[in-house]
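Chain residues, written in single-letter form:
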Amino acid sequence: MQLKMSLPERPGWIFVIPGFDFMALLLALVMFSGVVAKESYVEIKLPPSEFRGVRLGDENPVVVMLKGTASGSVYYVEGVKVSQASLGGLVLESAEKRGTKAVAIKVDSGVTMAARQVLINTIAKLNGIRIFEGYRRKEEVEKVP
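The rules behind each value
Residues numbered from 1 in each chain as written. Predicted model: local features only at pLDDT ≥ 70, side-chain atom pairs only at ≥ 80, totals over all residues. Heavy atoms only, no water. Core = buried A, V, L, I, M, F, W, Y, C linked by side-chain atoms within 4.5 Å. Buried < 20%, exposed > 50% of the residue type's maximum accessible area, 1.4 Å probe, protein only. Helix = DSSP H or I, 4+ residues; strand = E, 2+ residues; numbered from the N terminus. Contact = heavy atoms within 4.5 Å. Pairing = 2+ DSSP bridges. pLDDT = per-residue confidence, 0-100. Salt bridge = Lys/Arg side-chain N within 4 Å of Asp/Glu carboxyl O.

As for the nonpolar core
Right, so step 1: Counting residues in each nonpolar core, the largest one holds 19 residues, and the members touching the most others are V64, L87, V103, I105 and L119.
Right, so step 2: Contributions of two or more residues to this core are made by strand 1 (62-69), strand 2 (72-77), helix 2 (87-98), strand 4 (102-108) and helix 3 (113-124).
Right, so step 3: Considering each element in turn, this core owes the most residues, 4 residues, to helix 3.
Right, so step 4: Beyond its immediate stretch of four places on either side in the chain, L119 contacts V64, L66, Y75, L87 and I105.

A look at the pairing of strand 4
Right, so step 1: The element strand 4 is largely enclosed, with a buried count of 6 among its 7 residues.
Right, so step 2: The pairing of strand 1 with strand 4 spans 5 bridges and is classified as parallel. In the sheet register, L66 faces strand 4, and the bridge partner there is V107.

Thoughts on the environment of V74
Right, so step 1: Along the polypeptide, V74 turns up in strand 2.
Right, so step 2: In this structure V74 comes out as buried when scored by relative accessible area, which is 11%.
Right, so step 3: Sequence spacing of V74 and A115 is 41 residues, and the spatial spacing of their C-alpha atoms is 9.9 Å.
Right, so step 4: If we ignore the near neighbours within four places in the chain, the residues touching V74 are M65, L66, K67, T69 and K81.

Describing the confidence of the model for the chain
Right, so step 1: For the chain, mean pLDDT is 77; residues scoring 70 or higher make up 70% of the total.
Right, so step 2: Per-element averaging of pLDDT across the chain places strand 5 (residues 130-137) at the bottom with 72 and strand 3 (residues 80-82) at the top with 90.

Quick look at the pattern of salt bridges
Right, so step 1: Inspection of every chain in the model, using the stated rule, returns 2 salt bridges.
Right, so step 2: Across the pair R98 and E78 runs a salt bridge, and its minimum N-O distance is 2.6 Å. Remark: E78 occurs in the loop between strand 2 and strand 3 and R98 occurs in helix 2; sequence separation between them is 20 residues.
Right, so step 3: Take R98: its relative accessible area is 32%, and that puts it in the partly exposed class.
Right, so step 4: Judged by relative accessible area, which is 33%, E78 ranks as partly exposed.
Right, so step 5: For the salt bridge of E93 with K97, the shortest nitrogen-to-oxygen distance reads 3.6 Å. Of this pair, E93 and K97 both sit in helix 2, 4 residues apart, roughly one helical turn.
Right, so step 6: Its relative accessible area of 41% is what places E93 among the partly exposed residues.
Right, so step 7: Given a relative accessible area of 69%, K97 falls into the exposed group.

Here it is as structure tokens:
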């Protein structure tokens, strides 16, 4: 019994087809690696806006919160309830402990603009303190049982 070839005696250039695939793959790898190597990031600096805050960087500001209640405004310095009379002294003391001149204020949405302005004026009277307004907190909605 004699073996017979399934291909004709002269297959021609059929053995070159895998070589074309290899060359195409090599070309694609070279092209894609060149694109990835040249890709870089671009920093975009947007103009200042009243809707975007200022970055604090490495500063560790003193946080002052103003909450509105039925009895009036309540002030918190670093989470501790304080009176309006002692607010300025405690802010200065906290700023010296932290080694910063920045104060971040957070105001509830229920607080009047007049109460907010009183807070800003109290802090502005302190020498060298910069004020950063964080955000206006939204009061939680009362849960109905």
